[in-house]
Amino acid sequence: MSKRSFFGGLAVFAMFFGSGNLIFPLIIGRDAREHWLISIFGLGISGVLLPLLGLIAMIFVKDGMEAFFGTVLNKFGAYIAALIILLLCGPLGVVPRCITVAEGAWHTFSPHSNNVFFVATCCAVVWCCVYFKTNLVDLIGKYFTPFKLISLLTIIFSSIFFAVKTNPTNILPPSTNASSSLMSGLINGYGTMDLFAA
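In this report, we go over the structure that sits alongside the text. Predicted model only: the values in this text are computed from it and were never measured.

With respect to the overall build of the chain
Here is step 1 of the chain: Helices and strands together make up the secondary structure of the chain, namely ten helices and zero strands.
Here is step 2 of the chain: The order of helices and strands in the chain, counted from the N terminus, is α-α-α-α-α-α-α-α-α-α.
Here is step 3 of the chain: With the C-alpha coordinates aligned to their principal axes, the bounding extent of the chain is approximately 60 × 40 × 40 Å.
Here is step 4 of the chain: The burial tally for the chain puts 25% of its 198 residues in the buried class.
Here is step 5 of the chain: For the chain, the proportion of contacts with a sequence separation of at least 24, taken over those separated by at least 6, is 74%.
Here is step 6 of the chain: Of the roughly 13,500 Å² of accessible surface on the chain, a fraction of 75% belongs to carbon and sulfur atoms.
Here is step 7 of the chain: Where the 11 positive side-chain charges of the chain centre and where its 7 negative ones centre are 7 Å apart.

Here's what the structure looks like:
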């Protein structure tokens, strides 16, 4: 495996793993509790397997999204489908959600900070990444992904540490049954928007 392929793989992980992947598994786990394995199965189908198949399909399409959707839609329908997906993955869906989650996390550390300044800074960073897109995949793979992985592992291990330290004895029963947990995993897997990203 070449160095470029390795960093490209890391960039794909960083581009797919966003705020939805952080939020929805926690919501599913909170509701499923002892049915967590069933809900993970549902999430794995709609949040991992289908986006992976979508990514593989797009790799084999050489002429872009319009050609991909053009196989089942007419030219105008393919353009509209591609436009809707790009809007959902950008200014009308994923980007505002990412900024909202980041702002909420930042607010816990600095409750009196200016929200407008934080949001404007995030928007400026996104704009720079889009405008100066030269070597963006390498930049994400080399620098952003290691930071993201370290942050994610810190969240996971600190959560486990505090859960073990507090030793909760008042664990509530699951609020859903097994079939509802499966459906919750399947539906919330689409909420990550990874299939649209693919």
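Structure shown, so let's carry the discussion forward.
Quick look at helix H2 (residues 19-32)
Here is step 1 of the chain: Between the first and last C-alpha of H2 there are 20 Å, a value that for 14 residues agrees with the 20 Å anticipated at 1.5 Å per step.
Here is step 2 of the chain: Among the residues of H2, those classed as buried are Ser 19, Gly 20, Asn 21, Phe 24, Ile 28 and Ala 32.
Here is step 3 of the chain: Elements in contact with the buried residues of H2: helix H1 (3-16), helix H3 (36-60), helix H6 (94-109), helix H9 (178-191) and helix H10 (194-197).

Examining a nonpolar patch on the surface
Here is step 1 of the chain: Nonpolar side chains collect at one region of the surface, where Leu 49, Leu 52, Leu 53, Ile 56, Ile 59 and Phe 60 lie side by side and expose about 600 Å² of accessible area between them.
Here is step 2 of the chain: The topology assignment puts Leu 53 in helix H3.

Here we look at the environment of Tyr 190
Here is step 1 of the chain: Along the chain, Tyr 190 falls in helix H9.
Here is step 2 of the chain: Of the residues examined, Tyr 190 reaches a relative accessible area of 44% and is grouped as partly exposed.
Here is step 3 of the chain: In this structure, the C-alpha to C-alpha distance between Tyr 190 and Gly 141, residues 49 residues apart in sequence, is 25 Å.
Here is step 4 of the chain: Those residues in contact with Tyr 190, other than ones at most four positions away along the chain, are Ser 46, Leu 50 and Leu 195.

A word on unusual backbone geometry
Here is step 1 of the chain: Positive phi outside glycine occurs at Arg 33, with the angle close to 50°.
Here is step 2 of the chain: Take Arg 33: it is sitting in the loop between H2 and H3.

Reading the values: rules and limits
Residues numbered from 1 in each chain as written. Predicted model: local features only at pLDDT ≥ 70, side-chain atom pairs only at ≥ 80, totals over all residues. Heavy atoms only, no water. Helix = DSSP H or I, 4+ residues; strand = E, 2+ residues; numbered from the N terminus. Buried < 20%, exposed > 50% of the residue type's maximum accessible area, 1.4 Å probe, protein only. Contact = heavy atoms within 4.5 Å. Areas by Shrake-Rupley, 256 points an atom, 1.4 Å probe, with all protein chains shown as cover. Lys, Arg positive; Asp, Glu negative; His and termini not counted. Charge placed at Lys NZ, Arg CZ, Asp CG, Glu CD. Expected span 1.5 Å × (residues − 1). Patch = residues over 30% accessible without salt bridge, like charges linked within 9 Å, V, L, I, M, F, W, Y side chains within 5 Å. Salt bridge = Lys/Arg side-chain N within 4 Å of Asp/Glu carboxyl O.

The values reported here are purely geometric and, on their own, carry no functional implication.
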